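Architecture and fold: a report
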Amino acid sequence: MKNEAILNAIKKHKKHPHVKFRLKEKTEAFTDKLFYTLFDVETSIENNIVSLEKDFEELVGLACWEQNKPCAKVWESYLNKLPEILELLNLDATSIYQNDPASSSVEEVYLSYPGFYAIAIYRLAHELYLKGFPLVPRLMTEYAHTKTGVDINPGAQIGDSFFIDHATGVVIGETTVIKSNVKIYQGVTLGALSVDKNMQNVKRHPTIEDHVTIYANATILGGNTVVGSNSIIGGNVWLTKSVPANSLVSHTPEIKIKTVTHE
């Protein structure tokens, strides 16, 4: 009798019929298969595309409970975009290889760089985000987040030849705009000045222009904040106002010399 009361109480509060963790698991498997299809030389593109379409149909059934979502017609247009996405990712990989002296080959970038993996899954998710496909784009980027420590919202707009070095702890918010040839390091946050549900459809995150480098643990906040092209943002900088092109912004530490007493 006691157990029955507990079960009834759980059922009463378990009130979200569309929370299906199978969707999360299927999305992660779909993401892995996409990555292998685009990059693994031993994976058959023809076979995997057929398999991916079937997987996508299953995702539609799990994620698209709202009738106004254009889910069923998304796959064909998404498939048409995959060559363009792959072209962008090849530019990202080349940029990483050319900018990182520790990289010995482009193959090393594809196989071992968490920053590249996070960018790849973001780009694959972003296209679904643009098409209004529910939940799956966010689940894809959160899957990459768990693997790499890089949190890129699928709504962010990122240009070509993007480089995240070392990766861990990077946060890029939904309305961030990053232009081309931008390089950022670990711990960088491109975030909002404040968090308010009423700002859901407002640009809350910064714009980073072309050829900008942002060093480790810098924090750049605000939808009106623009970092001008060719600028360098130093490590640990806290920035909430725009800076013009060709700026050098640094965090100046306070240095005090200890007084040493000898007994």
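Above this text sits the structure in question.
Heads up: these notes are all about the structure in this document. These figures come from a predicted structure and were not determined experimentally.

The next point concerns the sheet that holds strand 13 (residues 238-239). One open sheet holds the 5 strands; their spatial order is 1-4-7-10-13, and the pairing between them is parallel. Each of the sheet's edge strands pairs with one partner strand only, and the pair in question is strand 1 (151-152) and strand 13.

Further remarks concern the state of the cysteines. The full count for this structure, using the stated rule, is 1 disulfide. Residue pairing for Cys64: its cysteine sulfur links by disulfide to Cys71, the two sulfurs lying 1.8 Å apart. As the torsion about the S-S bond is roughly -90°, the Cys64-Cys71 disulfide counts as left-handed. Cys71 matches Cys64 in its accessibility class, with the two residues each being buried.

Let us now look at the side chain of Thr141. Mapping Thr141 onto the fold places it in helix 7 (residues 136-148). A polar contact of 3.2 Å, which involves the side chain of Thr141, links it to the backbone oxygen of Arg138. Residue contacts for Thr141: discarding those within four places in its chain leaves Ile121, Tyr122, Ala125, Ile152 and Pro154.

Quick look at the packing of helix 2 (residues 21-39) against helix 4 (residues 74-99) now. Put simply, helix 2 and helix 4 touch, their axes get as near as 11 Å, and they point 60° apart. Looking at the two axes, helix 2 sits oblique to helix 4. As for how helix 2 packs across helix 4, the hand of that crossing is right-handed. In contact with Phe30, Leu34, Leu38 and Phe39 of helix 2, helix 4 contributes Trp75, Tyr78, Leu82, Leu86, Leu89 and Asn90. Tallied by class, the residues present in the contact of helix 2 with helix 4 amount to 9 nonpolar, 1 polar and no charged.

Turning to helix 2, a few remarks are in order. When the terminal C-alpha atoms of helix 2 are compared, their 28 Å separation across 19 residues agrees well with the 27 Å that a helix rising 1.5 Å per residue should span. Among all positions of helix 2, only Leu23, Thr27, Phe30, Thr31, Leu34, Phe35, Thr37 and Leu38 are buried. What you see down the axis of helix 2 is that its buried residues fit within an arc of 160°, all on one side. In helix 2, the exposed residues that point more than 90 degrees away from the buried face are Phe21 and Glu25. Looking at the buried positions of helix 2, the neighbouring elements they touch are helix 3 (45-63), helix 4, helix 5 (106-112), helix 6 (114-130) and helix 7.

Turning our eyes to something else, we now look at the nonpolar core. Within soluble globular proteins, side chains that are nonpolar tend to cluster in buried spots. Ranked by internal contacts, the top residues of the largest apolar core, which has 65 residues, are Phe133, Ile214 and Ile233. Elements supplying a minimum of two residues to this core: helix 2, helix 3, helix 4, helix 6, helix 7 and strand 3 (163-164). With 10 residues, helix 6 is the largest single contributor of residues to this core. Those residues within four positions of Ile233 in sequence are excluded, and the remaining contacts are Thr213, Ile214, Tyr215, Ala218, Ile220, Val227, Leu239, Val243 and Val249.

Moving on to the packing of aromatic side chains. Using the criterion set out here, one finds 11 aromatic pairs in the structure. On the numbers, 6.0 Å between centres and 45° between planes, the contact of Phe30 with Phe56 is tilted. Of this pair, Phe30 sits in helix 2 while Phe56 sits in helix 3, and the two are 26 residues apart along the sequence. Each of the two residues, Phe30 as well as Phe56, counts as buried.

With that out of the way, let us pick up the sheet that holds strand 14 (residues 248-249). Working definition: the strands of a sheet are paired by backbone hydrogen bonds and lie parallel or antiparallel to each other. A sheet is described by the order of its strands in space; here 5 strands give the open sequence 3-6-9-12-14, paired in parallel fashion. Looking at which strands have only one partner, the edges of the open sheet turn out to be strand 3 and strand 14. The pairing of strand 12 (residues 232-233) with strand 14 spans 2 bridges and is parallel. Within the sheet, the bridge partner assigned to Ile233 lies in strand 14 and is Val249.

Reading guide: rules and limits
- Residues numbered from 1 in each chain as written.
- Predicted model: local features only at pLDDT ≥ 70, side-chain atom pairs only at ≥ 80, totals over all residues.
- Heavy atoms only, no water.
- Pairing = 2+ DSSP bridges.
- Helix = DSSP H or I, 4+ residues; strand = E, 2+ residues; numbered from the N terminus.
- Disulfide = S-S within 2.5 Å.
- Buried < 20%, exposed > 50% of the residue type's maximum accessible area, 1.4 Å probe, protein only.
- Polar contact = N/O pair within 3.5 Å; in protein donor to acceptor, adjacent residues only side chain to side chain.
- Contact = heavy atoms within 4.5 Å.
- Axes fitted to C-alpha atoms, helices over the stretch in contact; angles between N-to-C directions.
- Parallel < 35°, antiparallel > 145°, perpendicular 65-115°, else oblique.
- Left-handed = near helix turned anticlockwise from the far one by under 90°.
- Nonpolar A, V, L, I, M, F, W, Y, C, P; charged D, E, K, R; others polar.
- Expected span 1.5 Å × (residues − 1).
- Arc of directions from axis to C-beta.
- Core = buried A, V, L, I, M, F, W, Y, C linked by side-chain atoms within 4.5 Å.
- Phe/Tyr/Trp six-rings, centres within 6.5 Å; stacked < 30°, edge-to-face > 60°.

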